[in-house]
Amino acid sequence: MKYLMIIMLIALSINAFTEDDNYVVCSERTIEKLTKCVNDYIDKGYEPKSGLHVLYKGTSLPYWFQALLKD
């Protein structure tokens, strides 16, 4: 039983730590930093696929985010 559990944990951890290079999300507190992040990924071949989103939580600073996909 121990061996089965260890094998399952190894299989799950391999899948959990693989990086998906086809989808990224830039998120920043300021629009200037977000613009730099998005432009850096555009230079790497990514394309923005969603609109620019902002989230306000109470009276805190805005939280900007944008998703990008690689073709």
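Structural data are supplied above this passage.
Source: prediction; values computed, not measured.

**Here we look at the environment of Lys-44**
Mapped onto the elements, Lys-44 comes out in the loop between α2 (31-43) and β2 (46-48). Considered as a pair, Lys-44 and Lys-70 are 26 residues apart in the sequence and their alpha carbons are 8.6 Å apart.

**Considerations on α2**
If you check α2, its first and last C-alpha atoms are 18 Å apart, about what 13 residues at 1.5 Å a residue would give, namely 18 Å. Those residues of α2 not exposed but buried are Leu-34, Cys-37 and Val-38. The arc enclosing the buried residues of α2, seen along the axis, measures out at 95°, which places them on a common side. Exposed and oriented more than 90 degrees from the buried face of α2 are Glu-32, Lys-33, Lys-36 and Asp-43. Contacts made by the buried residues of α2 are with β1 (23-28), β2 and β4 (63-70). Gly-45 lies just past α2 and shows a positive phi near 105°.

**Observations concerning the nonpolar core**
One recurring pattern in soluble globular proteins: nonpolar side chains tend to sit buried together. Of all hydrophobic cores here, the largest spans eight residues; its members are Val-24, Cys-26, Leu-34, Cys-37, Val-38, Tyr-46, Trp-64 and Leu-68. Every element with two or more residues in this core is listed here: β1, α2 and β4. A total of three residues in this core trace back to one element, the largest contributor, which is α2. Beyond its immediate stretch of four places on either side in the chain, Trp-64 contacts Cys-26, Ser-27, Glu-28, Arg-29, Thr-30, Ile-31, Leu-34, Leu-52, His-53 and Val-54.

What counts, and where the lines are drawn
- Residues numbered from 1 in each chain as written.
- Predicted model: local features only at pLDDT ≥ 70, side-chain atom pairs only at ≥ 80, totals over all residues.
- Heavy atoms only, no water.
- Helix = DSSP H or I, 4+ residues; strand = E, 2+ residues; numbered from the N terminus.
- Expected span 1.5 Å × (residues − 1).
- Buried < 20%, exposed > 50% of the residue type's maximum accessible area, 1.4 Å probe, protein only.
- Arc of directions from axis to C-beta.
- Contact = heavy atoms within 4.5 Å.
- Core = buried A, V, L, I, M, F, W, Y, C linked by side-chain atoms within 4.5 Å.

Purely geometric stuff here, so don't read any function into it on its own.
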